[in-house]
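Examining the three-dimensional arrangement
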Amino acid sequence: FVRALRSKGRKQLSPPGPWSFPIIGNLLQLGEHPYLTLMEMRKKYGDVFLLKLGMVPVLVVNGMEMVKQVLLKDGEHFAGRPNMHTFSFLAEGKSLSFSVNYGESWKLHKKIASKALRTLSNAEAKSSTCSCLLEEHVTEEVSELVTVFVELSSKNGGFDPRNAITCAVANVVCALCFGKRYDHSDEEFLKIVKMNDDLLKASSAANPADFIPCLRYLPLQIINAPREFYRALNGFIALHVQDHLATYDKDRIRDITDALINVCHNKYAATKTDTLNDSEIISTVNDLFGAGFETVSTCLYWSFLYLIHYPEIQAKIQEEIDGNIGLKPPRFEDRKILPYTEAFISEVFRHASFLPFTIPHCTTADTTLNGYFIPRKTCTFINMYQVNHDETIWDNPSLFRPDRFLNENRELNKSLVEKVLIFGMGIRKCLGEDVARNEIFIFITAVLQQLKLKKCPRAKLDLTPTYGLVMRPKPYQLEAELRSSGSSSAQ
Ligand code: HEM
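Worth saying up front: this structure is predicted, and the values here are computed from it rather than measured. (Residues numbered from 1 in each chain as written. Predicted model: local features only at pLDDT ≥ 70, side-chain atom pairs only at ≥ 80, totals over all residues. Heavy atoms only, no water.)

**What about the confidence of the model for the protein chain?**
Averaged over all residues, the pLDDT of the protein chain is 86; the fraction at 70 or higher stands at 87%. Every residue in residues 1-7 is under pLDDT 50, and counting partners more than four places away or in other chains gives 20 contacts. A low-confidence stretch, residues 486-491 (pLDDT under 50), is modelled with 14 contacts involving residues beyond four sequence positions or located in other chains. As scored by the predictor, the complex reaches a pTM of 0.91 and an ipTM of 0.99. (pLDDT = per-residue confidence, 0-100. Contact = heavy atoms within 4.5 Å.)

**Details of the packing of aromatic side chains**
This structure, assessed with the given rule, holds 20 aromatic pairs. Look at Phe344 and Phe400: their rings are 5.9 Å apart centre to centre, the planes differ by 75 degrees, and that puts the pair in the edge-to-face class. Here Phe344 is found in helix H14 (residues 339-352), whereas its partner Phe400 is found in the loop between helix H15 (384-388) and helix H16 (414-417), with 56 residues between them in sequence. Just as Phe344 is buried, Phe400 falls in that class too. Here a set of aromatic residues connected by ring pairs shows up, and it is made of Trp302, Tyr306, Tyr310, Phe344 and Phe400. Seen from the ring of Trp394, Arg350 lies directly overhead, with NZ or CZ sitting 5.4 Å from the centre. (Phe/Tyr/Trp six-rings, centres within 6.5 Å; stacked < 30°, edge-to-face > 60°. Helix = DSSP H or I, 4+ residues; strand = E, 2+ residues; numbered from the N terminus. Buried < 20%, exposed > 50% of the residue type's maximum accessible area, 1.4 Å probe, protein only. Lys NZ or Arg CZ within 6 Å of the ring centre and 35° of its normal.)

**Observations regarding the environment of Lys68**
If you trace the backbone, Lys68 turns up in helix H2 (residues 64-73). Its relative accessible area of 31% is what places Lys68 among the partly exposed residues. The contacts of Lys68, once residues within four sequence positions are left out, are Lys73 and Met425.

**Some thoughts on helix H1 (residues 34-45)**
Taking 1.5 Å of rise per residue, twelve residues should cover 16 Å, and H1 covers 16 Å from first to last C-alpha, within 8% of that figure. Among the residues of H1, Pro34, Tyr35, Thr37, Leu38, Met41 and Tyr45 are the ones counted as buried. Projected onto a plane normal to the axis of H1, the buried residues spread over an arc of 150 degrees and lie on a single side. The inward-facing, buried residues of H1 abut strand E3 (48-53), strand E4 (56-61), H15 and strand E10 (465-466). (Expected span 1.5 Å × (residues − 1). Arc of directions from axis to C-beta.)

**Quick look at the site of the ligand**
The environment of the ligand is formed by 22 residues, the closest being Arg81, Lys110, His361, Arg428 and Cys430. Side-chain polar atom of Arg81 to an oxygen atom of the ligand: 2.9 Å apart, as the coordinates give it. One nitrogen or oxygen atom from the main chain of Ile359 is found 3.5 Å from an oxygen atom belonging to the ligand. Among the secondary structure elements, those contributing two or more residues to the shell around the ligand are helix H4 (104-121) and helix H17 (433-450). (Near = heavy atom within 4 Å. Polar contact = N/O pair within 3.5 Å; in protein donor to acceptor, adjacent residues only side chain to side chain.)

**Overview of the environment of Tyr45**
Residue position: Tyr45 is located in helix H1. Measuring from C-alpha to C-alpha, the distance between Tyr45 and Ile444 comes to 41 Å, with 399 residues separating the pair along the chain. Aside from chain neighbours lying at most four places away, what touches Tyr45 is Pro16, Gly17 and Pro18.

**Re the sheet that holds strand E8 (residues 379-382)**
Across the sheet, four strands lie side by side as E3-E4-E8-E5; this open sheet has mixed pairing. On the outer flanks of this sheet lie E3 and strand E5 (361-362), each paired with one strand and no other. Summarising the sheet, E3 and E4 pair through six bridges and their orientation is antiparallel. Bridge assignment links Leu53 to a residue of E4, and that residue is Val56. Sitting on the sheet, H1 is in contact with E3 and E4, with an inclination near 130 degrees to E3. (Pairing = 2+ DSSP bridges. Axes fitted to C-alpha atoms, helices over the stretch in contact; angles between N-to-C directions.)

**Some remarks on helix H6 (residues 162-178)**
With 17 residues, H6 extends 23 Å from end C-alpha to end C-alpha; this agrees with the ideal 24 Å at 1.5 Å per step. Phi turns positive, to about 65 degrees, at Gly179, one or two residues after H6.

**Focus: the pairing of E3**
By the criterion of burial, E3 is predominantly enclosed, with five of the six residues buried. As consecutive antiparallel partners, E3 and E4 are separated by two residues, and within that stretch Gly54 has a phi angle of approximately 65 degrees, a positive value.

Below, the structure written as structure tokens:
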């Protein structure tokens, strides 16, 4: 219904949207796959519409042009985060990713975190064969992952690769954040993996207090569980950061924690206000730790599923690897010479769209969109899944076809790659895009260089995701077989 709103004496239209029930709003209409329901609603209401999740009005934005309007052209007005109960206790409201406090100090916070990531990307590797420390960590982890895959396969035949992937990616994140890798059976390590998983599950379970605000005052387990899990993880990270503060050496940057201390200490020399204090450093490490974990491991879990579902695509990637890098360990710079592999990764991002929405945004001031009046503090969902499956951009969007990203010379069509929306864009864009792209590339190429992945005989694979903040595939099993060196293995 299009409702008329009165603002500053002028009659302004509110976006259209479905009729909603009192208290629960449109929650029951969302179904098992809300991004698909919202795509259907778009057919009726257009690119911009309003619904109610519980008692909270939510603006839904679809379509590349409208998304660009919100995230780029009018980015400043849509750069806030809503006051959701689940996010409110992350870093006591000071989280870089979730804090409602958008403004100058948040901008400084993001700038510092981004500078620290850049410092780390330039940090030198210990061995001369790797171009940087991050590449070295990923290379080390993937070689362990290959060993684990071979062992699991020879012991059990088919196995679910999820735990092994989670451990490998968790170890990259631990190495990135604390300069330390763990044995996969190390107790402390398994505790961190579990803490992170608990926190993610508790935050992704639609928390009723996010949508019916008065519930947040009730002492219920489902409502308060994320707070407990967050405290546990933060306590663990705090111990590592304190240890780093005591042993920090500006001439030897070991990881993100050192890089953050470095950026902040340099700032101290100029002014004490332009920097982060120790508890903000801890929460920033926590932000980066959380952001780089589930996203990357879910992407790899999807990638291996697509690779066993489409063995001919797997074989083409292997052919490209064999022809262009042979047996030498893959490096970040090889992305340039493996266009089909890059196209495959882009197609996984697009087709799976495992982050169907960005983190919710919120308007920072009254604004207008597509002729509609949008008041300040309106929670806004950006439907990235819709953009990635929009028939006006993608030919046959439901088909999984990496070739769509290659031009007639088999080069990567960069302008099409940029149309895939998975890291967001504008002010709130993902900080770890380069890290993630590099890391995923090395994992996939190094595994396929050495192993042939196969679906188990008679197994039925299901590409339908399980809905969540980050959407995982349903559990599946695969078999891994060592490749005879340098031969492509299409069958
Ligand atoms: C935010 C995607 C990996 C750090 C985001 C957002 C998306 C995203 C969609 C929200 C954008 C928005 O709200 O508009 C991904 C994907 C990844 C990935 C698909 C992997 C495949 C990483 C990694 C790091 C990272 C490895 C860190 C090393 C962050 C941070 C934010 C963020 C700090 C918050 C930015 C802000 O609130 O301004 N990411 N991410 N991400 N990501 Fe990532």
